[in-house]
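Observations on the model geometry
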Amino acid sequence: MTIDWIAFLQVFIAALLSACVVVGLYALGIRFLAIPAPAPLREDGTVEPNGPSRDDEDDDLEVSGRPTWAQIAANVCFGLSALCVLGGIYLIIPVFHK
């Protein structure tokens, strides 16, 4: 019995690349979730340098969460990562593709 080294190499490369894609997508999704909220604006249109001040007259500043595009991009990355994992499970379990 001999080992088909070319087939072994193909499986190794496919597994390595797919693992890098899944981990990369997940890490990119986490990075998108780490994008901070934009700095709040003062009444004169300038940006607060270190977040809103805690003076009584500035207590009504609105501070929003992360940008919508960052949340959408994170969800897309997590979804693609999950699809890759489900595709791998589909390929591993023979009951699903007789």
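Quick caveat: nothing in here was measured; it's all calculated off a predicted structure. (Residues numbered from 1 in each chain as written. Predicted model: local features only at pLDDT ≥ 70, side-chain atom pairs only at ≥ 80, totals over all residues. Heavy atoms only, no water.)

Here we look at the nonpolar core
Judged by nonpolar contacts, Phe32, Ile35, Ala70, Ala73, Ala74 and Cys77 together constitute the single largest core of six residues. When residues of this core are assigned to their parent elements, the largest contribution, four residues, is made by helix H2 (residues 68-92). Not counting chain neighbours up to four residues away, the residues in contact with Cys77 comprise Leu25, Leu28, Gly29 and Phe32. (Core = buried A, V, L, I, M, F, W, Y, C linked by side-chain atoms within 4.5 Å. Buried < 20%, exposed > 50% of the residue type's maximum accessible area, 1.4 Å probe, protein only. Helix = DSSP H or I, 4+ residues; strand = E, 2+ residues; numbered from the N terminus. Contact = heavy atoms within 4.5 Å.)

A look at the packing of helix H1 (residues 5-33) against H2
Packing of H1 against H2 brings their axes to within 8 Å, and their N-to-C directions diverge by 160°. Compared by their axis directions, H1 and H2 come out roughly antiparallel. Crossing handedness for the pair H1 and H2: left-handed. Contacts between H1 and H2 involve Val21, Val22, Leu25, Tyr26, Leu28, Gly29, Ile30, Phe32 and Leu33 on the former and, on the latter, Trp69, Ala70, Gln71, Ala73, Ala74, Cys77, Phe78, Leu80, Ser81, Cys84 and Val85. Of the residues in the contact of H1 with H2, the class split is 17 nonpolar, three polar and no charged. (Axes fitted to C-alpha atoms, helices over the stretch in contact; angles between N-to-C directions. Parallel < 35°, antiparallel > 145°, perpendicular 65-115°, else oblique. Left-handed = near helix turned anticlockwise from the far one by under 90°. Nonpolar A, V, L, I, M, F, W, Y, C, P; charged D, E, K, R; others polar.)

That is the geometry; function is a separate question.
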